[in-house]
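# Reading the structure
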Amino acid sequence: IDKALAGLCHRENPRSLVHGILLQGLGRAQQRVLVLVGMISMLGSMVTFVSIFVEGESKVECPTTHQDGLSEEVGVQKWHWAVIDRGSVAQEWGLECEQAWKLALVKSLYFAGAMFGVTMGGVASDVYGRRATIIGAWSITCVCLLGSAFAPSWTIYAALRFLLGASANAGYLVGFALAMEWIPSGYRTCIGTGFIATMFAIGELGLVFIGMAAGPWRTCLLCVSALLLAILPALQYCLPESPRWLLAKGRVVEASSVLSAAYDESHASGKYTGLLDDDAAATLQQPSSAGSAGGGLLSSTLQRVSTWTMVLMWFTAALVYYGLTLNAASLAGNFYLNAALSALSELPASLIACLLLERPEIGRRRSVFLFYALGGACCMGTRFARGAGATALYMLGKLALTAAFDSIYQYSSELFAVPIRSRMMGLCSAGARVGSVAAPQAVVLGTLVGLDPSSIFGIASLLTAVAAVTTLPETRRSPVQDTCPPDS
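Residues numbered from 1 in each chain as written. Predicted model: local features only at pLDDT ≥ 70, side-chain atom pairs only at ≥ 80, totals over all residues. Heavy atoms only, no water.

## Side note on the side chain of Glu181
- By the secondary structure assignment, Glu181 is in the loop between α8 (154–180) and α9 (188–214).
- Judged by relative accessible area, which is 0%, Glu181 ranks as buried.
- Within the structure, Glu181 has its side chain in polar contact with the side chain of Arg130 (distance 2.6 Å). (Helix = DSSP H or I, 4+ residues; strand = E, 2+ residues; numbered from the N terminus. Buried < 20%, exposed > 50% of the residue type's maximum accessible area, 1.4 Å probe, protein only. Polar contact = N/O pair within 3.5 Å; in protein donor to acceptor, adjacent residues only side chain to side chain.)

So, in structure tokens, the structure goes:
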């Protein structure tokens, strides 16, 4: 099947990093799949970050109560909300002051839903297929986001955010796996770490303009919902199933049919002659027990260590990335300008990750080691730096962890065999969700024990760097595993 996918391309490898990110050299059928997955990535980032524009706290003046029980603001019947034209969830339902914990709960529920969604989405895609899972998850995302725009209470809104976290993250994760299974190994870095990550950043940037133009928070949600609904028909009628997944399930005839149609659409040189010879096809027509049960994944010490090291890497990337964001002082200046600059900062990280991952002398394993080690060193350095130096180290550390996040998506997709890939990437992504939930708690813990939170993030990054370089195999340009490895 690697030869069949390579035959769809006009070039076996991209001419350059930029050509690969622009999808040049790939067949038309592959470009169609990647554009749809790119749209999922772009709109998925909007679903994730729309909370910045709709849930934000207002600058309310909370009444101060003295020891005698009297309020400092005698005679005030209602709070004076800051003048914010677009409003917010916090403002509309009074989630301020002593009710602020409710807003924190809403934010936590989204990440809890993401943890549930990536796990269940991985299982569903391995059992029912990539295409069906993506369409189902995207449909749920559309309904929940649209419903949240009309939520009558904060409890309904919170429940919908939980479901949004589950469905949106499941769709994104399975979409990434589908993209990797449609391209040959030479394009993995350009697509996984370059194109898809770039589309994610573009979505975050586009959300800034939507937030500026939409005005009220409910209108902002309606605008994003309209974009999600717009691509749902395209997913239904234009997104094909993964031929690798079909082959892993023993459905050779269907896999051959999908590839034959892709060859016709791409006008590939040479005629498609089928996937396998008769003997191999007869063997694969029998359903694979490894594919259905996930057997063989953790059947050896090396496989178990590699799997849990990857989970640790996802956990640390999320912990430090969100922790740095939460622990940073609020940036002065225009809110929308700061949001745009934050989105733009994602782009160099993606490009740097692409360049290092494809260097033969560096590869996947050394790249992630460098990113985690650099991020950890910068976090530790902020304890001793002051002023502009501390800010520079903070930005460099955040860039390094963003590059690490971009890299491990691809590294994970190459490490696991096709029959259990989505399931294991779901497990890894669940580790990231635990990290994102733990990030604010790490800040609080550091304050309670008198330890700078940057030290917690730095130590976690450095330990993860050592674990990655000592336990993980190199996967650069290695063939995709279409079956689970044998027990040992």
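Right, picking up where we left off after that structure.
## A word on the packing of aromatic side chains
- A full pass over the atoms with the stated rule returns 8 aromatic pairs.
- Where Trp93 meets Trp217, the ring centres are 5.7 Å apart and the plane angle is 70°; that geometry is what we call edge-to-face. One end of the pair, Trp93, is in the loop between α5 (89–92) and α6 (100–128); the other, Trp217, is in helix α10 (residues 217–238), with 124 residues separating them in the sequence. For the pair Trp93 and Trp217, one class covers both residues: buried. (Phe/Tyr/Trp six-rings, centres within 6.5 Å; stacked < 30°, edge-to-face > 60°.)

## A short note on the packing of α9 against helix α16 (residues 335–344)
- At a minimum axis separation of 8 Å, α9 and α16 run at an interaxial angle of 170°. Of the possible angle classes, the one that applies to α9 and α16 is roughly antiparallel. Contact with α9, carried on its side by Ala201, Glu204, Leu205, Val208, Gly211 and Met212, involves Tyr336, Ala339, Ala340, Ser342, Ala343 and Leu344 of α16 and no other residues of that element.
- Grouping the amino acids of the contact of α9 with α16 by side-chain chemistry returns 9 nonpolar, 2 polar and 1 charged. (Axes fitted to C-alpha atoms, helices over the stretch in contact; angles between N-to-C directions. Parallel < 35°, antiparallel > 145°, perpendicular 65-115°, else oblique. Contact = heavy atoms within 4.5 Å. Nonpolar A, V, L, I, M, F, W, Y, C, P; charged D, E, K, R; others polar.)

## Here we look at the pattern of salt bridges
- Using the criterion set out here, one finds 5 salt bridges in the structure.
- Note that Glu265 is salt-bridged to Arg32, the shortest N-O span being 2.6 Å. With a gap of 233 residues between them, Glu265 in helix α12 (residues 252–266) and Arg32 in helix α3 (residues 28–49) connect regions that are remote in the sequence.
- Among the residues examined, Glu265 registers a relative accessible area of 23% and is labelled partly exposed.
- Since its relative accessible area comes to 26%, Arg32 is described here as partly exposed.
- Note that Glu181 is salt-bridged to Arg130, the shortest N-O span being 2.6 Å. In this pair, Glu181 is assigned in the loop between α8 and α9 and Arg130 in helix α7 (residues 130–148), connecting sequence segments 51 residues apart. (Salt bridge = Lys/Arg side-chain N within 4 Å of Asp/Glu carboxyl O.)

## Comments concerning a nonpolar patch on the surface
- On the surface, a cluster of nonpolar side chains totalling about 350 Å² of accessible area is made up of Leu146, Phe150, Leu222 and Leu229.
- With respect to the secondary-structure elements, Leu229 resides in helix α10. (Patch = residues over 30% accessible without salt bridge, like charges linked within 9 Å, V, L, I, M, F, W, Y side chains within 5 Å. Areas by Shrake-Rupley, 256 points an atom, 1.4 Å probe, with all protein chains shown as cover.)

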